Structure formats: structure tokens, C-alpha cells
Amino acid sequence: VPPAIHSTAVILASGDEILTGQLLDTNTRWIAEQLVSRGIMPIAHAASPDDLPSLVEMIRRACSAAPLVILTGGLGPTEGDLTRQAIAQVLNEPLIEDAKAAESIRTYFEKRGRATSERQLRQAQRPARATCLPNTNGTAPGLHAQVQNPKSEISNLKSPCDFFALPGPPGELRPMFEREVLPRLRPDPSRTVITRLLHIIGLPEADCVDRLRGLTSRGRAETDALVGITASGGVLTLRIRYSGPGPRAATEQAINTAESAAREALGDHLLPLSAHQHDTGQEALARHLLTTLAESNPPATLATVESCTGGMLGELLTAIPGSSAAYCGGFITYANAMKESLGVDPELTKVHGAVSAEVAKAMARAGIERTGARYSLAITGIAGPDGGTAAKPVGTVHIALTGAGEPATSRRFLFTGDREDVRRRATTTALTMLHFHQKGHAAGTPRLLWETT
Ligand code: ATP
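Definitions and cut-offs
- Residues numbered from 1 in each chain as written.
- Predicted model: local features only at pLDDT ≥ 70, side-chain atom pairs only at ≥ 80, totals over all residues.
- Heavy atoms only, no water.
- Helix = DSSP H or I, 4+ residues; strand = E, 2+ residues; numbered from the N terminus.
- Buried < 20%, exposed > 50% of the residue type's maximum accessible area, 1.4 Å probe, protein only.
- Areas by Shrake-Rupley, 256 points an atom, 1.4 Å probe, with all protein chains shown as cover.
- Lys, Arg positive; Asp, Glu negative; His and termini not counted.
- Charge placed at Lys NZ, Arg CZ, Asp CG, Glu CD.
- Pairing = 2+ DSSP bridges.
- Axes fitted to C-alpha atoms, helices over the stretch in contact; angles between N-to-C directions.
- Contact = heavy atoms within 4.5 Å.
- Salt bridge = Lys/Arg side-chain N within 4 Å of Asp/Glu carboxyl O.

### Describing the overall build of the protein
Across its full length, the protein carries 16 helices and 17 strands. With the C-alpha coordinates of the protein rotated into their principal frame, the extents come out at 80 × 60 × 45 Å. A total of 453 residues make up the protein; the buried ones form 48% of that total. Carbon together with sulfur atoms contributes 53% to the accessible area of the protein, which is approximately 20,800 Å² in total. In the protein, the 46 positive side-chain charges and the 46 negative ones have mean positions that sit 2 Å from each other.

Structure representation (C-alpha cells):
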């Protein structure tokens, strides 16, 4: 029997935590994105309680519905972790110990100066015909098994279904998926699917759609273009997806044409295409800025001084590997006294208030003086829900940018949303200001989303 083509897939999650809503099933979402971007269409998602008969039933059904099934969770050492037993029942095989997996579990604990318990070793068990998938970030190995499906009426499923069980913690699941599952995927070679993500900053969604009208309506229908926009954290993400029969080169060309049209319509609001296509919009922006700073001649560095965002900007930057090449660090100056100890003149706070252009600029200058960075960004504002006044309502944020030897500029924004939204949007906007400055736009231009005078 030839190996199945993975045209479709079912994604499963195991655990009471997910069924009861205690835990958000982000694994399914991540896996679905991974599959879709490779042309494999998920046809169903499901979750099972920590109960053996339910789990067995769910796996059986999934394996007769699609040639590829990916399940997450339930591989650990506790009583509620039943994935191994369930797949053994589906395959009608006993569990045996995998010598290599047992060895790597022992090594894992030895390295940490701990003895390996019997319970931990249970994680090395697998059905006789299944394969263990090494876990580089934890103890529980994953599993790969081929589930025969003789009763299926769908011709493709006369081939065995590829079943993968991966650990629940995202930090273990993702590397295992990339190392062990990706190379074993067999998308339909007669179809081409290409997804390209482009990130747009500083523009309202409606404005963006207007500018892109040409792109979305210029009748590229014959190539099945799907252009969608989503907004998150102050960044718009344009998803161009082509799916259909036809050679890859032609599809790629169609996507390139669409991207050039978008670039023409959006100018510097559109970030360059990134190799990191799974970044969120905010991550893409942070990565782009860190790269342009590090690659400028001479290399430039950035410091941050944050009040209402409490380190969110620093966190966004330092989450990107290699950020130390361009980000030198920052200060969280939440109380006025902290702003003053950094170098903000108490007179400014007294006269203009902590949330003001003057204080934002003084914070940014202090950032340069204290770190010697090339650029400094400062954020001070009212994230809410309390603390707003008629003159400075909740959502009012001043963001200042200065460069060594350059005058500081501060811009005022009125962000909408709750406390989290205001803080996130302020973070994005600070980086957006630096982006346009680096692109050579005059101070204070272009006018940005949420900017007020
Ligand atoms: P472990 O080896 O840690 O026991 P496991 O494979 O047994 O891993 P579970 O015990 O089911 O996985 O879940 C462990 C943790 O992984 C959960 O507490 C949760 O933090 C995370 N997790 C599990 N399933 C999901 C999911 N579908 N989406 C997001 N996170 C998940």
C-alpha cells in the first residue's frame, strides 16, 4: 500500500483542563497554522477528557476521517496521562519499553542530579509498532504510529493513517513538530499552496483596505487568491494565500505581483518580507527594527524608558534572539521619583504632569545619557481603567524619540481599548515611530494611527 498523501488532517487535544475551559487550546491553533501553510487542510478539531475509552474512541474516529492525525497532551508521567495506553488500544498492541527513550529519560534526570523514578520511566513506553519521537526540551517522548484503516471507504485512507502524539507544553511540542513531524509530512504534490504574511504599521484597518482595493479586486480570481487582513496589538497583518493546482513558479510569481502591488499602495507602512513567517505582527516589527539598527552603518543601539508599559517594550525586544546586538537595555520609571532619579527635572513633572510631552522627552534624553545608546524611546501615559481626567483621558500616552545629538520629539496618542490594549498599542507605536525615523521621514510624520494633537 503506498503511503497516504496528507491532503487533510484532524487535530486532537487531550485533557480535562481544555474541555473545562481552564486552559486555552493554543496547540491546536498553532498546529493548524503549520499545516495550512503547507497545504494540508484540517477538517476537524476535537478534545477529549482524561478518560481512556473516550480518548480511544476519539483517536479511532479521527484516524478513519483523515490520513493525518495529530494529538497533543497526555504523554506525561501522571495518572491522567493516557495517550500511550489509548494508542496501544487502537493498535491492539501491548506497550513495551523503548530502550533509547528510557536511556534519554535517565540522562535527563542524571544531568539534573536526580534519580529516575518508575513513574518517569513509564514515559518511555510505546506500542510495539510505534516509534518514539525524541523530546529535546522535556522528558516525555512523542509517538508516531501508522493506524491501519481497512474499513475506510475513502480511497486515500486504504493507506494507513499517520498518527502523531506530541507533548502538551508548547515549548516541547513546537520543536518536536518541527524536527520530527515536518519531515514526515506528505502534502499533495499536485496542489500548490503558498501563504505570505505581510505586516503593516501605523495605519487604521479601513485606510489599509482602501489603499489595497486595487489588489483585492483586480480580478486575480483565476489563481484563487485569498487576501485577508487581521489586526493585533496595533499591527495589521495581510495574509496572501494562493491555493490551487498549477506549478509552484507561477503561483510564486502571482504572489510576488500581489506583494509588489501592496508595497506600492502602502509604502513604508509595510514592513519588508521576513523569513520568520510565523512571527506575530509585534514580533515582526521588533525583529525588523533590531535588524535595521544592527545593520546600519555604524551599527546603532536603542535604549527604552518606560512608565505605563512597565517593561513591555523591553520584553518585546528581548524576546527576539540576538537582540543584544542592538538593544542595550532600559529603565522602568513608574513613580515620579524614579523618573527624577533617572534625570527628569522635578520641575517638569510639577508643571506639566508625569503624562506630558515634556516629561516624555526628558525621559528619552535620560535614556541616552544613562546608556550611551544611539536612540532612545520613552513612554508615559494613562493605561486606565482609573486615573483619567477631562484633559488627559484614559488612553492618553506620550511617546518620545530621540537620537544622540538630535532634538527629542514627542507625540501624543489616544489609544482605545482596555489597560492591556493601551499598553500593547503604545509599545507597538513607539517602535513604529523609530521605524519611520529610520526611513528618513521628517520628525512627526507620517501621522500615525491613534495620534491626536
Ligand atoms: P508533561 O510531560 O508536561 O506531563 P503532557 O504531554 O502530559 O506533558 P499535559 O499533561 O496534557 O501534557 O499538559 C501539560 C501542560 O501543557 C498543560 O498544563 C498546559 O500548560 C500545556 N498544554 C497541554 N495541552 C495544551 C494545549 N492543547 N494548548 C496549549 N497548552 C497545552
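### Digging into the sheet that holds strand S3 (residues 68–72)
The mixed open sheet is built from six strands, whose spatial order is S2-S1-S3-S8-S7-S6. Among the strands making up the open sheet, the edge pair consists of strand S2 (41–48) and strand S6 (131–133). Across this sheet, the average inter-strand angle for adjacent strands is 20°, counted without regard to direction. Pairing geometry for S3 and strand S8 (residues 161–166), over five bridges, is parallel. The residue bridging Leu 71 from the neighbouring strand is Ala 165, located in S8. Along the sheet, helix H2 (residues 26–36) contacts strand S1 (8–14), S2 and S3; its crossing angle with S1, the most-contacted strand, is approximately 165°. Sheet strands in contact with helix H3 (residues 52–65) are S1, S2, S3, strand S7 (142–147) and S8, and its direction is about 170° off that of S1.

### Quick look at the pattern of salt bridges
When the charged atoms of two side chains with opposite charge come close together, those side chains can pair. Taken as a whole, this structure holds 18 salt bridges when the rule is applied. Salt-bridge contacts for Arg 287 lead to Asp 279; the nearest nitrogen and oxygen are separated by 2.7 Å. Judged by relative accessible area, Arg 287 falls into the buried class, the value being 18%. Salt bridges sharing partners connect three or more residues here, namely Arg 196, Glu 252, Glu 259 and Arg 263.

### Focus on the side chain of Ser 323
When you line up the elements, Ser 323 lands in the loop between helix H12 (312–318) and strand S13 (327–332). Relative accessible area serves as the criterion here: at 9%, Ser 323 is assigned to the buried category. Here Ser 323 is in contact with Leu 290, Leu 317 and Thr 318, once residues within four sequence places are set aside.

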